[in-house]
Amino acid sequence: MRRYRHLFFDLDHTLWDFTTNSRATLAELFVHHGLAAQGVTDAASFIEVYEEVNHGLWQRYERGHLDKEVLRVLRFRNTLMHFGVRDGGLADALGRDYLHHSPMKAALMPGTLQLLTDLRPHYALHIITNGFEEVQHVKLSTSGIGSFFRTVITSEKAGAKKPDPRIFAFALRHTDAAPEECLMIGDNHGTDMAGARLAGWDHAHYTAATAPDPEATFRVGHLDDLRAILL
């Protein structure tokens, strides 16, 4: 088994439980902003539509077809419009409150804290994420895992998004690592896995909520499965 020195983790959906934290925030916003009285059917429908809208916009953002400020404006405006609500002020308020409250949620994917505790004595741990710079650092701090990581590399800091090889080259320069020493661990086959392959890194696909990538170096259904590979 190859001995790695540097482990690069994706954050959202891999360590930080994005779905749980986002849905909790959206449910709170539904109540706080009185969306039922505005004509939004119910909290569950609001969350479902938002997730579909946001997913489509994020795909455009990751392809470089949309900048983050436009994404932030459109995701709530388009969600409200689905329910026939045309209120730019309300959409902007939802966007501001979501950005403030969602990163403050602390739910982690199962096994995260113990795995990081066990890995830290043996590896240099890093984050490499397409998430926004100011938001990702709050998530790491609030969830209590920020101290595990020597380096946090965001696409904004690197000037490129996964799967662009430039973000992986940036990571190597800023961690003084070589490709053969690195393992990328993430949930997204289109960004984490494809990007690592393009960069010449080994990669472990965390498949808790996605179909396994047949080209990945490793495939794990639970974070604890990494123990057999790394410990």
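Our structure's up above, just so we're on the same page.
Report follows, based on the coordinates. On a predicted model such as this, the values are computed, not experimentally measured, just so you know.

1. Description of the side chain of aspartate 213
And then number 1: In this structure, aspartate 213 sits in the loop between strand 5 (202–206) and strand 6 (218–220).
And then number 2: Beyond its immediate stretch of four places on either side in the chain, aspartate 213 contacts His189, Met193, Arg197, His205 and Arg219.

2. Quick notes on the sheet that holds strand 3 (residues 151–154)
Strand-to-strand pairing in sheets goes through backbone hydrogen bonds, with the strands running parallel or antiparallel.
And then number 1: Sheet architecture is open: six strands sit in the order 3-2-1-4-5-6, paired in parallel fashion. Only two strands of the sheet have a single neighbouring strand rather than two, namely strand 3 and strand 6. On average, each strand axis in the sheet is inclined to that of its neighbour by 20 degrees, with strand direction left out of account.
And then number 2: Sheet strands touched by helix 9 (residues 165–175): strand 1 (6–9), strand 2 (124–129), strand 3 and strand 4 (182–186). Its angle to strand 3, the strand with the most contacts, is close to 155 degrees.

3. Quick look at the layout of surface pockets
And then number 1: A volume near 980 Å³ is recorded for the largest pocket.
And then number 2: Considering the residues around the largest pocket, the lining is formed by 35 residues, among which His13, Phe18, Asn54, His55 and Trp58 are closest to the centre.
And then number 3: Listed by contribution, the elements that provide at least two residues to the lining of the largest pocket are helix 1 (18–32), helix 3 (43–62), helix 5 (88–101), helix 7 (133–142) and helix 10 (189–199).
And then number 4: In terms of residue count, the dominant contributor to the lining of the largest pocket is helix 3 (seven residues).
And then number 5: The residue inventory of the lining of the largest pocket, partitioned by class, reads nine nonpolar, 15 polar and 11 charged.

4. Remarks on the packing of helix 1 against helix 5
And then number 1: Where helix 1 meets helix 5, the closest approach of the two axes is 10 Å, and the angle between their N-to-C directions is 135 degrees. Considering the angle they form, helix 1 stands oblique to helix 5. The chirality of how helix 1 crosses helix 5 is right-handed. Across the interface between the two elements, Phe18, Ser22, Thr25, Leu26, Leu29 and His32 of helix 1 pack against Leu94, Asp97, Tyr98 and His101 of helix 5.
And then number 2: Considering only residue class, the contact of helix 1 with helix 5 consists of five nonpolar, four polar and one charged.

5. Observations concerning the pairing of strand 5
And then number 1: Burial runs high along strand 5: five of the five residues are buried.
And then number 2: In this structure, strand 4 lies alongside strand 5, joined through four bridges in parallel fashion. Among the inter-strand pairings, glycine 186 is bridged to a residue of strand 5, identified as histidine 205.
And then number 3: Of the crossover connections in this fold, the one passing from strand 4 over helix 10 to the parallel strand 5 is right-handed.
And then number 4: Here strand 5 pairs with strand 6 via three bridges, running parallel. Opposite alanine 204, over in strand 6, you have phenylalanine 218 as the bridge partner.

6. Points about the side chain of threonine 175
And then number 1: Along the chain, threonine 175 turns up in helix 9.
And then number 2: Not counting residues up to four positions away in its chain, the partners in contact with threonine 175 are His6, Phe8, His126 and Thr151.

Here is what the cut-offs are and how they apply
Residues numbered from 1 in each chain as written. Predicted model: local features only at pLDDT ≥ 70, side-chain atom pairs only at ≥ 80, totals over all residues. Heavy atoms only, no water. Helix = DSSP H or I, 4+ residues; strand = E, 2+ residues; numbered from the N terminus. Contact = heavy atoms within 4.5 Å. Pairing = 2+ DSSP bridges. Axes fitted to C-alpha atoms, helices over the stretch in contact; angles between N-to-C directions. 1 Å grid on protein atoms, 1.4 Å probe; cavity = no way out; pocket = protein on both sides within 12 Å on 5 of 7 lines; lining within 4 Å. Points joined across faces, edges and corners; volume = space filled by probe spheres on them. Nonpolar A, V, L, I, M, F, W, Y, C, P; charged D, E, K, R; others polar. Parallel < 35°, antiparallel > 145°, perpendicular 65-115°, else oblique. Left-handed = near helix turned anticlockwise from the far one by under 90°. Buried < 20%, exposed > 50% of the residue type's maximum accessible area, 1.4 Å probe, protein only. Right-handed = clockwise from strand over helix to strand, strands pointing away.

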